Amino acid sequence: MRLLLEQALNGLQLGVMLFLMSAGLTLVFGIMNLINLAHGSFFMIGAYVAATVTGLTGSFLLGLLAALPAAALAGVVVEILVMRRLYDRDHLDQVLATFGLIMFFNELTRIVWGRQPLFMDTPAWLAGTVEIISGVPYPAYRLAVIGVGMLVAGFLYFLITRTRLGMQIRAGATNREMIGALGVNIRLLYTLVFGLGTLLAGLAGVMAGPILAVEAGMGESILIVTFVVIVVGGIGSVRGALAGALLIGLVDTLCRAFLPTALRLALPAAQADTLGASLAAMGIYIVMAAVLIWRPRGLFPAYGQ
Amino acid sequence: MTKTLTAIALTTLLTTSPVFAAEPVKIGMVTTLSTKGGYLGEDIRDGFLLAIRQEDGRLGGIPVELRVEDDGAQPEKGKEIADQFIERDQVRIMTGIVFSNVAMAVVPKVVRDGVFYISPNAGPSALAGKGCDKNYFNVAWQNDNLHEVVGQYATEKGHNKVYLLAPNYPAGKDALAGFKRYYRGGIAGEVYTKLDQADYSAELAALRAAEPDAVFFFLPGGMGINFVKQYAQAGLKEKIPLYGPAFSFDERLLQAVGEAALGAYNGSQWTPTLDNPANKAFVETFRAAYGRTPTLYASQGYDAARLIGSALKAVNGDLSKTDAFRTALEKADFASVRGNFRFGPNHHPIQDLYLLEVIKDANGQMANRIVRKVFTDHGDAYAAECRF
């Protein structure tokens, strides 16, 4: 039972990390109708800048403060230089161009930082473990990740439902042509949304830095799951991204944790281990397929698409 | 990049060896310089180049020209480069491949074409046993070796409840098989993870619940960084000793993992502090040339170059003497930075293997210290199956 609770907490934490990545991606995908494979690159930029600044100053918070604008700025520059040329083209062109950006950014990190992965540690004040469930020491840093994710979810909810910018974002998700016709500066809106998306990706990168290897290509490992999340949640919907991320995080963790053990009841150990590992890796895709059969536009489809 | 390197090698040649009118011997290096594994290929290349540089553009007194191409860790790309080396450049000696899957795509074909391949890293079992070839030499290790040494140490140490963890792909299963070949105790759990997995919280929770007395893991590259960091953050580092092959604890990776790796044990055939004259000179010149401490990969690249040098010297650079060149390679007549080194009947190393512990050295840098030599003159499990 304690193990189940602990694994659920792990799933929640993974879900929150996925939410930080997918919130930005779903906005860009839903509102701008742009498939951005390079979203993971901004995750990487966030982690690299944070690792560098934290390494130089010794302060995780300074690293965070430097990484967020860096990721947002990189996003704005990329939007102006590259993405604007892609809005009117079909998805295949977008996939090709943004795939090229992945290679560009991976090579750029190699030129700037070299081939060796960077070091980034948890800040001292979050280094310990907390017994949130009695008998299970849980890393304090992972609890902080959950907290940050919840804050971001609250902030996005406020931004989208309570502000003028949020109103334009919702309108843009519903009907892009009409909001342009009504006199909203759609180019500026796109730039802002894209910058916000990359800022969130950068934040995810910073939060991931102390847990994961900070290395070229680190964004790609998480990108595919992020796409699964936004498809499950409903493209363009931040609420869907949150629900999808938590669902996928939980399913992935619980499959990895319990499938091999469960299969051992029915099969010889060696077979159960291999089959369990393979099935666990498929778990999230099976969930995605099931959700799409049940609700073809995702759990919380954005309006008007 | 390739062009610059060739240019540098050529300029060195032109400026330092006007006496030799003969064409330099071309060596083709197919290695991984991009993707996450890029630093492995970088170290192999730099170790190899250091040996050439020390002789002013020669190996064993024979002028050489090294061509380097990046395979991006893709078997198809590796094959393409190898074909180019053979057809366009008429290369007769190749080396450099980092990953076993690339080696499996490239090596059998090139050795069939009469090219000598000297592996500075990948040593898949398929090329050590039935699939061995008289023109294939591995100067690093057979893949299982660095797991076997840890298995033997765990047995000697009396561990009886070891938890095993590796990615769900062929090399992961081979790693655990290698460990179990010499480990005699009980097994608390055996877990296969997704390849390229980033988060190990679920596995760590299950591991804690299994209450093992030691953990053996094989997670190469970034996966290992993730795992070791998360292992420490979960508070397990102080409670359960962590064992693995050297691939997760090389000197460059350790800088990225930091103190989370302190106290972890790993198996290796080499470490910078290994006490022999060739190694001291190598580590010193490598640091001076590149401003960093060499990894095992760099030492393997360096040994590969010096092995080739010893054989080139024996035939005076004349590669048409194929049999003589091969015999010279078999002798391994060079001072390996590992000290004790020779080839077994399947052209794979017979060498000493060590157990290392991650420490902080006198300068506060993360480093490895030798706990003890576990195997002396250790070969591999597949040699008996090899017939040339």
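Residues numbered from 1 in each chain as written. Chains lettered and ligands numbered in written order. Predicted model: local features only at pLDDT ≥ 70, side-chain atom pairs only at ≥ 80, totals over all residues. Heavy atoms only, no water.

A.B. asks: Even after reading the chapter, I still don't get the overall build of chain A, so can you show me in this structure?
C.D. replies: The helix and strand inventory of chain A stands at eleven helices and two strands. Relative to its length of 305 residues, chain A is compact, with a C-alpha radius of gyration of 20 Å against a globular reference of 19 Å. Dimensions of chain A along its principal axes, counting C-alpha atoms only, are 65 × 50 × 35 Å. Taking all contacts inside chain A whose residues are at least 6 apart in sequence as the whole, residues at least 24 apart take part in 78%. Taken as a whole, chain A presents about 13000 Å² of accessible surface, with 71% of it coming from carbon and sulfur. Averaging the locations of the 17 positively and 13 negatively charged side chains of chain A gives two centres separated by 9 Å. (Helix = DSSP H or I, 4+ residues; strand = E, 2+ residues; numbered from the N terminus. Rg over C-alpha atoms; globule rule 2.2 N^0.38 Å. Contact = heavy atoms within 4.5 Å. Areas by Shrake-Rupley, 256 points an atom, 1.4 Å probe, with all protein chains shown as cover. Lys, Arg positive; Asp, Glu negative; His and termini not counted. Charge placed at Lys NZ, Arg CZ, Asp CG, Glu CD.)

A.B. asks: Sorry, what's going on with the state of the cysteines here?
C.D. replies: Disulfide: a covalent bond formed between the sulfur atoms of two cysteine residues. Residue and element names in this part refer to chain B. In total, this model carries one disulfide over all chains according to the counting rule given. Here cysteine 132 engages in a disulfide with cysteine 386; their sulfurs sit 2.0 Å apart. Looking down the S-S bond of the cysteine 132 and cysteine 386 bridge, the torsion is 90°, so its handedness is right-handed. Separated by 254 residues along the polypeptide, cysteine 132 in the loop between α5 (125–128) and β6 (136–138) and cysteine 386 in the segment after β14 (366–378) bring together distant segments of the chain. Here cysteine 386 falls in the buried class, since its relative accessible area comes to 9%. (Disulfide = S-S within 2.5 Å. Buried < 20%, exposed > 50% of the residue type's maximum accessible area, 1.4 Å probe, protein only.)

A.B. asks: For this particular structure, what's the right way to read the nonpolar core?
C.D. replies: Formed by 106 residues in total, the largest nonpolar core has its most connected members in Phe48, Leu59, Phe227 and Leu312 of chain B. Per-element accounting of this core gives the leading share, ten residues, to helix α12 (residues 296–314) of chain B. The residues touching leucine 312 of chain B, leaving out its near neighbours within four places in the chain, are Val25, Leu59, Ile62, Val64, Ile93, Gly317, Leu319 and Phe325 of chain B. Membership of the second largest hydrophobic core comes to 93 residues, among which are Met83, Leu126, Ala241 and Ala245 of chain A. (Core = buried A, V, L, I, M, F, W, Y, C linked by side-chain atoms within 4.5 Å.)

A.B. asks: Mind showing me how you'd approach the side chain of arginine 292 of chain B here?
C.D. replies: Residues and elements named next belong to chain B. Mapped onto the elements of the fold, arginine 292 is located in the loop between α11 (277–290) and α12. Using a relative accessible area of 17% as the deciding quantity, one classes arginine 292 as buried. Among the polar contacts listed, one links the side chain of arginine 292 to the side chain of aspartate 43, at a separation of 2.6 Å. Discounting residues that sit within four places of it in the chain, arginine 292 has contacts with Glu42, Asp43, Asp46, Arg252, Phe286 and Arg287. (Polar contact = N/O pair within 3.5 Å; in protein donor to acceptor, adjacent residues only side chain to side chain.)

A.B. asks: When you look at helix α7 (residues 170–182) of chain B in this model, what are you seeing that I'm missing?
C.D. replies: Structurally, the α-helix is built with 3.6 residues per turn, so residues lying three or four positions apart point the same way. Residue and element names in this part refer to chain B. Across its 13 residues, α7 extends 19 Å between first and last C-alpha, which sits within 8% of the 18 Å expected from 1.5 Å per residue. Residues Gly172, Ala175, Leu176, Gly178 and Phe179 constitute the buried set of α7. The arc that holds the buried residues of α7, viewed along the axis, is 155°, so those residues lie on one side. Structurally, α7 contributes buried residues whose contacts are with α6 (145–157), β7 (161–167), β8 (186–193) and β9 (214–217). (Expected span 1.5 Å × (residues − 1). Arc of directions from axis to C-beta.)

A.B. asks: Whenever I open this one, the packing of helix α2 (residues 39–57) of chain A against helix α9 (residues 218–233) of chain A confuses me. Can you help?
C.D. replies: Packed helix pairs are specified by the crossing angle of their axes together with the interaxial distance, meaning the distance between the axes. Residue and element names in this part refer to chain A. Contact pair α2 / α9: the axes reach a minimum separation of 8 Å and the direction vectors enclose 135°. It follows that α2 is oblique to α9 by the angle criterion. Considering the relative orientation of α2 and α9, their crossing is right-handed. Here His39, Gly40, Phe43, Met44 and Ala47 of α2 lie close against α9, whose contacting residues are Met218, Gly219, Ile222 and Leu223. (Axes fitted to C-alpha atoms, helices over the stretch in contact; angles between N-to-C directions. Parallel < 35°, antiparallel > 145°, perpendicular 65-115°, else oblique. Left-handed = near helix turned anticlockwise from the far one by under 90°.)

A.B. asks: Can you walk me through the pattern of salt bridges in this structure?
C.D. replies: Side chains that carry opposite charge are capable of pairing whenever their charged atoms lie near each other. Applying the stated criterion to the full structure yields 33 salt bridges over all chains. Arginine 252 of chain B is the salt-bridge partner of aspartate 43 of chain B, the closest N and O atoms lying 2.8 Å from each other. Of this pair, aspartate 43 of chain B sits in helix α2 (residues 38–54) while arginine 252 of chain B sits in helix α10 (residues 251–257), and the two are 209 residues apart along the sequence. A residue is classified by how much of its surface remains accessible, and aspartate 43 of chain B, at 0% relative accessible area, is buried. Classification of arginine 252 of chain B as buried rests on a relative accessible area of 6%. One salt-bridge network, held together by shared partners, links Arg115 of chain A together with Glu42, Asp43, Arg45, Asp46, Arg252 and Arg292 of chain B. (Salt bridge = Lys/Arg side-chain N within 4 Å of Asp/Glu carboxyl O.)

A.B. asks: Hey, could you run me through the interface of chain B and chain A in this one?
C.D. replies: Quoted interface sizes are often the accessible area lost when the parts come together. With 40 residues of chain B at the contact, the number on the chain A side is 38 residues. For the pair chain B and chain A, the summed buried area comes to about 3200 Å², and 49% of that belongs to carbon and sulfur atoms. The three residues of chain B that bury the most area against chain A are Lys36, Lys194 and Gln233 of chain B, which together make up 20% of that side's buried surface. If you look at where chain B meets chain A, you find seven salt bridges. Of the charged contacts, one joins aspartate 199 of chain B and arginine 256 of chain A as a salt bridge, the two residues approaching to 3.8 Å between their closest N and O atoms. Summed over the shared surface of chain B and chain A, the number is 19 residue pairs in polar contact (both at pLDDT 80 or more). At the level of elements, α2, β8, α8 (201–210), α9 (222–233) and α10 of chain B are the ones that each hand at least two residues to the side of chain B that touches chain A. Its residues placed into classes, the side of chain B that touches chain A shows 14 nonpolar, 13 polar and 13 charged. (Buried area = accessible area lost by both parts, 1.4 Å probe. Nonpolar A, V, L, I, M, F, W, Y, C, P; charged D, E, K, R; others polar.)

A.B. asks: Sorry, what's going on with the side chain of histidine 348 of chain B here?
C.D. replies: Residues and elements named next belong to chain B. Mapped onto the elements of the fold, histidine 348 is located in the loop between β12 (341–343) and β13 (349–360). Its relative accessible area of 1% is what places histidine 348 among the buried residues. Contact partners of histidine 348, with chain neighbours within four places excluded, come to Leu127, Ala128, Tyr136, Asn138, Gln142, Arg342, Phe343 and Asp380.

A.B. asks: In this structure, what is going on with the sheet that holds β6 of chain B? I would like to understand it.
C.D. replies: Neighbouring strands of a sheet are bound in pairs by backbone hydrogen bonds; such pairs are parallel or else antiparallel. Residue and element names in this part refer to chain B. Across the sheet, six strands lie side by side as β2-β3-β1-β4-β5-β6; this open sheet has mixed pairing. Pairing within the sheet leaves two strands with one partner each, and these edge strands are β2 (58–59) and β6. Here seven bridges tie strand β1 (residues 25–31) to strand β3 (residues 62–70), and the two strands are oriented parallel to one another. Bridge assignment links methionine 29 to a residue of β3, and that residue is valine 68. Across the face of the sheet, helix α13 (residues 322–331) comes into contact with β4 (93–95), β5 (116–119) and β6 while running at roughly 15° to β5. (Pairing = 2+ DSSP bridges.)

A.B. asks: Explanation requested: the pairing of β14 of chain B in the structure shown.
C.D. replies: Every regular strand shows the same layout, with side chains that alternate between the two sheet faces. All names here are of chain B. Where β13 and β14 come together, nine bridges link them in antiparallel fashion. Paired with isoleucine 359 across the strands is alanine 367, a residue of β14. Taking the residues between adjacent antiparallel strands as the criterion, β13 and β14 are bridged by five residues, where glycine 364 takes a positive phi near 80°.

A.B. asks: What is the right way to read helix α8 (residues 186–208) of chain A from this model?
C.D. replies: All names here are of chain A. End to end, α8 covers 33 Å across 23 residues, agreeing with the expected 33 Å (1.5 Å per residue, within 8%). Across the 23 residues of α8, 18 count as buried, placing the element largely inside the fold. Backbone nitrogen of arginine 187 and a side-chain oxygen of the N-cap are separated by 3.3 Å at the start of α8; the cap is asparagine 185.

A.B. asks: Would you explain unusual backbone geometry in this entry?
C.D. replies: Negative phi values dominate among residues other than glycine, just as trans dominates among peptide bonds. One non-glycine residue, glutamine 90 of chain B, lies in positive phi territory at about 50°. Tracing the chain through its elements places glutamine 90 of chain B in the loop between α3 (75–87) and β4.

A.B. asks: For this particular structure, what's the right way to read the confidence of the model for chain B?
C.D. replies: Close inspection of predicted coordinates is inappropriate for parts of the model with low pLDDT. Residue and element names in this part refer to chain B. Residue-level pLDDT values for chain B average 92, and 95% of them are 70 or greater. Confidence drops under pLDDT 50 across residues 9–21; counting only partners more than four residues distant or on other chains, this segment forms 13 contacts. At the level of chain-chain contacts, confidence expressed as ipTM amounts to 0.89, with global pTM at 0.90. (pLDDT = per-residue confidence, 0-100.)

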